[in-house]
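# Summary of the model geometry
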Amino acid sequence: MLYKLIYLFHTDISWLNVFRYITFRTILSALTALVISLFVGGWVIERLRAMQIGQYIRDDGPPNHKAKEGTPTMGGCLIIPVVVFSTVCWAEPRNLYVWVVLFVILSFGLIGFMDDYLKISRKDNRGLSVKAKFALQILAALIVAVALYLYPGFDSYLNLPFFKKISPHMGLGYIPFAVFIIVGASNAVNLTDGLDGLAIGPVTIAFASYLVFAYLAGHVKIANYLQIPYVAGSGEISVLCGAVVGAGLGFLWYNAYPAEIFMGDVGSLSLGAVLGTVAVITKQEFVLALVGGLFVVEALSVIFQVAYFKLTGGERIFRMAPMHHHFELKGWPEPKVIVRFWIIAIILALLSFGTLKLR
Ligand code: 57M
């Protein structure tokens, strides 16, 4: 909105023309989110502490985690409003994709908020039941998937990296596919959020990658040159990705080891779902397995651990799942696990750009 207001004067003040450019507004969006997060973060932590919204630590976790008991949580209540505010300020208000993604961050944020609130307010610290949580996530993702499927400007064929010529039309099958990507990404990020900065670091890196993918997909000449799907209007999603990068860096300032705040399910579920939605809109769903490879591996470690545990009647593949706990129990100090996971996330993000040329 702010951008539209400023742009009204571009005929009188010529340099205001720069606001027309998505790149400029993406940088502004990132800086707006970063500055607000940094300046407001400390106050939010104080408020959460005053309201006694502190993390409950289960007894069955790694021993060193008990010291984290009471750390202010639900930090997603800072991230989400900052991302929404920056996006609304600097993105094109008539762009449907922007509003679809804002619906996702708010709906999944509400699901996470309900889960976090129940965990904190209940004596047994239980949140939403797994069934209720999944049902709400699938419902929200279904609304998004159907909206994209019905949107005339959005083509629901499957884009396969490395195979330019193969792009099968999925028809109605696209809807469950999109739901799977959005709900899967949401829960994979949620599982990964188990060490200080372990989720927000790779999430910020992933959104920095999709900031580029969205810009390229929305630029007809570049998309055609790279032979990636051209998605008219998806360039505005770069502005939202910029807001997430800024808010992510600002949150990391406080979530870095030793964390002063956790994002809570309100943060992890919403950021993961937004990442999945951005991958769907930019038609880079399979690339998400690479960009978000860390989240995929963490989720798979849980799936394999639980399956093996049930199959063998109690045997484990990892010392503890998700995999970050396995390395913790192997004796790696928490910061070492975190930074090594960040390094892997950066390598995966760089590799993902290789899919743009290798086709
Ligand atoms: C999401 N939440 C963290 C924090 C964060 C099926 C099973 C694998 C499920 C899984 C689970 O419960 N996952 C929930 C992970 C939790 O973090 C809170 O949750 C939010 C994210 N959703 O924002 O509010 C704990 O993580 C630590 N933490 C930090 N720094 C951070 O910045 O240190 C989080 C953020 C926090 C804090 O200790 O309390 C979590 O781990 O629960 N369960 C697990 O991940 C458990 N694994 C497990 O049971 N493995 C089993 C089987 C079932 C696979 C096995 O390997 O045999 C681990 N988590 C806990 N205890 N809490 C280990 C046991």
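Residues numbered from 1 in each chain as written. Predicted model: local features only at pLDDT ≥ 70, side-chain atom pairs only at ≥ 80, totals over all residues. Heavy atoms only, no water.

### Considering the site of the ligand
Near the ligand, the surroundings consist of 30 residues, among which Gln55, Asn190, Asp193, Gly264 and Asp265 are the closest. One nitrogen or oxygen atom from the side chain of aspartate 60 is found 3.2 Å from a nitrogen atom belonging to the ligand. Between the ligand and the protein, one listed contact pairs a nitrogen atom with a side-chain N or O atom of aspartate 265 at 2.6 Å. Protein contact buries 84% of the 1,000 Å² of open area that the ligand shows by itself. Listing elements by their share of the shell around the ligand, those giving two or more residues are α6 (174-192), α10 (264-281) and α12 (293-312). Grouping the amino acids of the shell around the ligand by side-chain chemistry returns 11 nonpolar, 12 polar and seven charged. (Near = heavy atom within 4 Å. Polar contact = N/O pair within 3.5 Å; in protein donor to acceptor, adjacent residues only side chain to side chain. Areas by Shrake-Rupley, 256 points an atom, 1.4 Å probe, with all protein chains shown as cover. Helix = DSSP H or I, 4+ residues; strand = E, 2+ residues; numbered from the N terminus. Nonpolar A, V, L, I, M, F, W, Y, C, P; charged D, E, K, R; others polar.)

### What about the packing of helix α7 (residues 200-217) against helix α14 (residues 334-357)?
In a packed pair of helices, the relevant descriptors are the angle between the two axes and the axis-to-axis distance. At a closest axis distance of 9 Å, the pairing of α7 and α14 adopts a crossing angle of 15°. Judged by the angle between their axes, α7 and α14 are roughly parallel. Judged by the sense of rotation from one axis to the other, the crossing of α7 with α14 is right-handed. Seen from α7, the contacting residues are Gly201, Pro202, Ile205, Ser209, Val212, Phe213 and Leu216; seen from α14, they are Trp342, Ala345, Ile346, Ala349, Ser352, Phe353, Thr355 and Leu356. Here the contact of α7 with α14 is built from residues that sort into 11 nonpolar, four polar and no charged. (Axes fitted to C-alpha atoms, helices over the stretch in contact; angles between N-to-C directions. Parallel < 35°, antiparallel > 145°, perpendicular 65-115°, else oblique. Left-handed = near helix turned anticlockwise from the far one by under 90°. Contact = heavy atoms within 4.5 Å.)

### Looking at the environment of glycine 75
Structurally, the position occupied by glycine 75 is in the loop between α2 (22-50) and α3 (76-90). Residue classification places glycine 75 among the buried residues on the basis of a relative accessible area of 0%. When the C-alpha positions of glycine 75 and valine 44 are compared, they lie 7.9 Å apart, and in sequence the two are 31 residues distant. In contact with glycine 75, other than residues within four places in its own chain, are Phe251, Ile261, Phe262, Met263 and Gly264. (Buried < 20%, exposed > 50% of the residue type's maximum accessible area, 1.4 Å probe, protein only.)

### Describing the packing of aromatic side chains
Counted by the stated rule, this structure contains 13 aromatic pairs. Between the aromatic rings of phenylalanine 113 and tyrosine 117, the centroid separation amounts to 6.3 Å while the plane-to-plane angle is 10°, which identifies the pairing as stacked. Taken as a pair, phenylalanine 113 and tyrosine 117 lie in helix α4 (residues 96-121) at a separation of four residues, close to a single helical turn. Using a relative accessible area of 33% as the deciding quantity, one classes phenylalanine 113 as partly exposed. Here the guanidinium or amino end of lysine 283 rests over the ring plane of tyrosine 157, the centre of that ring lying 5.0 Å away. For arginine 340, the ring lying beneath its charged end belongs to tryptophan 332, and the centroid distance is 4.6 Å. (Phe/Tyr/Trp six-rings, centres within 6.5 Å; stacked < 30°, edge-to-face > 60°. Lys NZ or Arg CZ within 6 Å of the ring centre and 35° of its normal.)

### Remarks on unusual backbone geometry
If a residue is not glycine, its phi is most likely negative; likewise, a peptide bond is most likely trans. For the bond running from tyrosine 257 to proline 258, omega is -10°, close enough to zero to count as cis. In this structure, proline 258 sits in the loop between α9 (237-255) and α10. Look at the link from alanine 321 to proline 322: it is a cis peptide, with omega at -5°. Of note, proline 322 is situated in the loop between α12 and α13 (323-329). Non-glycine residue glutamine 52 carries a positive phi angle of around 55°.

### Concerning the environment of valine 266
Along the chain, the position of valine 266 falls in helix α10. For the pair valine 266 and cysteine 77, spaced 189 residues apart in sequence, the C-alpha to C-alpha distance is 6.9 Å. Discounting residues that sit within four places of it in the chain, valine 266 has contacts with Met74, Gly76, Cys77, Ile80, Gly109, Gly112, Phe113 and Asp116.

### What to know about the pattern of salt bridges
Counted by the stated rule, this structure contains 13 salt bridges. Linking arginine 58 and aspartate 60 is a salt bridge whose minimum nitrogen-to-oxygen distance equals 3.0 Å. Of the residues examined, aspartate 60 reaches a relative accessible area of 47% and is grouped as partly exposed. In this structure, arginine 94 engages glutamate 92 in a salt bridge whose closest nitrogen and oxygen atoms are separated by 2.9 Å. Overlapping salt bridges, with partners in common, bring together Asp115, Lys119, Lys133 and Asp265 in one network. (Salt bridge = Lys/Arg side-chain N within 4 Å of Asp/Glu carboxyl O.)

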